[in-house]
Every structure is written in C-alpha cells, then in structure tokens.
Amino acid sequence: ETGVTQTPRHLVMGMTNKKSLKCEQHLGHNAMYWYKQSAKKPLELMFVYNFKEQTENNSVPSRFSPECPNSSHLFLHLHTLQPEDSALYLCASSHETGLVDEQYFGPGTRLTVT
Amino acid sequence: GQQLNQSPQSMFIQEGEDVSMNCTSSSIFNTWLWYKQDPGEGPVLLIALYKAGELTSNGRLTAQFGITRKDSFLNISASIPSDVGIYFCAGLAQGGSEKLVFGKGTKLTVNP
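Attention here is on the structure that accompanies the text. Nothing here was measured: the structure is a model prediction, and the numbers come from that model.

## Looking at the overall build of chain A
Line of reasoning, step 1. Summing up its helical and strand segments, chain A has zero helices and 11 strands in all.
Line of reasoning, step 2. Ordered by position from the N terminus, the helices and strands of chain A form the series β-β-β-β-β-β-β-β-β-β-β.
Line of reasoning, step 3. A globule of 114 residues ought to have a C-alpha radius of gyration of about 13 Å, and chain A, at 13 Å, matches this closely.
Line of reasoning, step 4. For chain A, the proportion of its 114 residues judged to be buried stands at 49%.
Line of reasoning, step 5. Residue pairs at least 24 apart in sequence account for 54% of intrachain contacts in chain A once pairs closer than 6 positions are excluded.
Line of reasoning, step 6. Counting every atom, chain A has about 5300 Å² of accessible surface; 49% of that belongs to carbon and sulfur.

Below you can see the structure in the form of structure tokens.
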C-alpha cells in the first residue's frame, strides 16, 4: 500500500463548480504539502502544513483553499477555477518541516477545468 | 537565485546503456534529492544526499552530492525498459526558505 493516497485520481470540473481534493498519509508524518505540476514547468509548491498549522502559502490564489483537520489528512477545496488551473495536483508528506527531510508524494489528482 | 538547472531535458538510449544526468545551481544546497516519476503517478524518492562529496547507490542508481555543494548527478547503469520516466532533482538551499526547489526534469526513454 502506498504511504500517501489521493482521491480522486482524475477530476473534470467546470469553472463554476466547487470540488475538493483529498490526501491521506499513512506514514506517521507531521508535515503535508500541496504541489501543482504543469507541463514543462518545475513542481510548484502551493501550501505547507506542519502539525496541522499552515506555515506556507506560496502566493496561491484564493480560489484554492486548503484544510488540514489533522496530521494525516489534507484537503484542497476548489471553487471558480480557471482553465489554466488544469494540472496534476500532488500531495506530499514528510516527518516535519524545517528539517533536512525527505518528502513522499501521492499519485496525484489530474484536474481538468473546462 | 535558488533555481535548479537540470540537464539534459530528455534522453533516448538503448537498453543496456548507462545514463547520466545532473543538476546545477548558482546557490549552495544542503540537501539533494532525486525522484523518478512514472506517467500518471507521483514522484518516487530514489536517493537522498546530505553531505558534500557523498556518493550513494540504490541498486543500479548512483548519485553524488557535488563538492562545491552547487551540483549533483545521477547515474543509471545498464538501463532497462522500466527505467523510462521523468527524473527530477530537488534541493534544499542553504540559508534559504525551507522549501524544496525542483528541477524541470529529465525525460528518459529506453529502447529495448
């Protein structure tokens, strides 16, 4: 079983829809991350949570709203997205932030905004 | 800045050949990580490097943390078809934010 799971794996939504992405980690980690992966671009960090507290918001538009109810779960709530938001959204976790540590990724949610 | 320049962007090789790819930066890094991403999946951590000069192997993969701390390379020996994918370097810069910086990736194609 993979340590980090994400659902759904694929999502198609209209610009007026509201949807949520879910991430769960089974590794006992305390830090969780959302990344956006677009074609031909480096991975873009969106949000960081450490012990359920948001420690990083990398200038992400407010149409993306994260939620971290506990150290094992991370959500990304989506509303009124734009077509350019279509991308692979990756969740990752690590033991903690602020340490020399390794991040483990989930399989991603392929999002298409129509 | 803390950008990583990863090269080459893509490689087409024959099965059995060795592969080498690298990442460089103008900044000093404290950590280098190498990931592989298969189509439709998330990146999987291959090797982590924490000390300048460190050479670490994982099966047919070998990675080194450059002495200058501004570069790292990944070698794959005797490539096989399942090595296809995109390989990413990532680093944690010295004195910078505690965010991993990623390269743009090297897409590897192995012809049987």
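That covers the picture; the talk isn't over yet.
## Considering the nonpolar core
Line of reasoning, step 1. Within the largest apolar cluster, 23 residues are counted, with the highest numbers of intra-cluster contacts made by W34(B), L74(B) and L108(B).
Line of reasoning, step 2. If you list the elements that add at least two residues to this core, you get β2 (10-14), β3 (19-24), β4 (29-37), β5 (44-49), β7 (61-65), β8 (71-76), β9 (85-93) and β11 (106-111) of chain B.
Line of reasoning, step 3. Aside from chain neighbours lying at most four places away, what touches L74(B) is V19(B), S20(B), M21(B), W34(B), L46(B), I47(B), L61(B), T62(B), A63(B) and Y87(B).
Line of reasoning, step 4. Among the nonpolar cores identified, the runner-up in size contains 22 residues, and M13(A), C23(A), L81(A) and C91(A) belong to it.

## So, the sheet that holds β7(B)
All names here are of chain B.
Line of reasoning, step 1. The strand order β1-β3-β8-β7-β6 describes an open sheet built from five strands, whose pairing is antiparallel. The open sheet has two free edges, formed respectively by β1 (5-7) and β6 (55-58), since each of these has just one partner strand. Averaged over neighbouring strand pairs, the angle between their axes works out to 15 degrees when direction is ignored.
Line of reasoning, step 2. As judged from the three bridges shared by β1 and β3, these two strands associate in the antiparallel manner. From the neighbouring strand, N5 faces β3, where its bridge partner is T24.

## Digging into the interface of chain A and chain B
Reports often express the size of an interface as the amount of accessible area lost when the parts come together.
Line of reasoning, step 1. Taken together, the contact pairs 21 residues of chain A with 19 residues of chain B.
Line of reasoning, step 2. Between chain A and chain B, roughly 1600 Å² of surface is buried when both sides are summed, and carbon and sulfur atoms account for 58% of that area.
Line of reasoning, step 3. For the pair chain A and chain B, the number of links is one salt bridge.
Line of reasoning, step 4. Linking R9(A) and E41(B) is a salt bridge whose minimum nitrogen-to-oxygen distance equals 3.6 Å.
Line of reasoning, step 5. Between chain A and chain B we count five residue pairs in polar contact (both at pLDDT 80 or more) in total.
Line of reasoning, step 6. Among the secondary structure elements, those contributing two or more residues to the side of chain A that touches chain B are β4 (31-37), β9 (87-94) and β10 (104-105) of chain A.
Line of reasoning, step 7. Class assignment for the residues of the side of chain A that touches chain B results in 11 nonpolar, five polar and five charged.

## Thoughts on the pairing of strand β3 (residues 18-25) of chain A
Line of reasoning, step 1. As judged from the four bridges shared by strand β1 (residues 4-7) of chain A and β3(A), these two strands associate in the antiparallel manner. Residue pairing in the sheet places Q6(A) in a bridge with C23(A) of β3(A).

## Details of the environment of T55(A)
All names here are of chain A.
Line of reasoning, step 1. Along the chain, T55 falls in strand β6 (residues 53-57).
Line of reasoning, step 2. Along the chain, T55 and T97 lie 42 residues apart, while their C-alpha atoms are 9.0 Å from each other.
Line of reasoning, step 3. T55 has contacts with V48, Y49 and N50, leaving out every residue within four places of it along the chain.

Reading the values: the criteria
Residues numbered from 1 in each chain as written. Chains lettered and ligands numbered in written order. Predicted model: local features only at pLDDT ≥ 70, side-chain atom pairs only at ≥ 80, totals over all residues. Heavy atoms only, no water. Helix = DSSP H or I, 4+ residues; strand = E, 2+ residues; numbered from the N terminus. Rg over C-alpha atoms; globule rule 2.2 N^0.38 Å. Buried < 20%, exposed > 50% of the residue type's maximum accessible area, 1.4 Å probe, protein only. Contact = heavy atoms within 4.5 Å. Areas by Shrake-Rupley, 256 points an atom, 1.4 Å probe, with all protein chains shown as cover. Core = buried A, V, L, I, M, F, W, Y, C linked by side-chain atoms within 4.5 Å. Pairing = 2+ DSSP bridges. Axes fitted to C-alpha atoms, helices over the stretch in contact; angles between N-to-C directions. Buried area = accessible area lost by both parts, 1.4 Å probe. Salt bridge = Lys/Arg side-chain N within 4 Å of Asp/Glu carboxyl O. Polar contact = N/O pair within 3.5 Å; in protein donor to acceptor, adjacent residues only side chain to side chain. Nonpolar A, V, L, I, M, F, W, Y, C, P; charged D, E, K, R; others polar.

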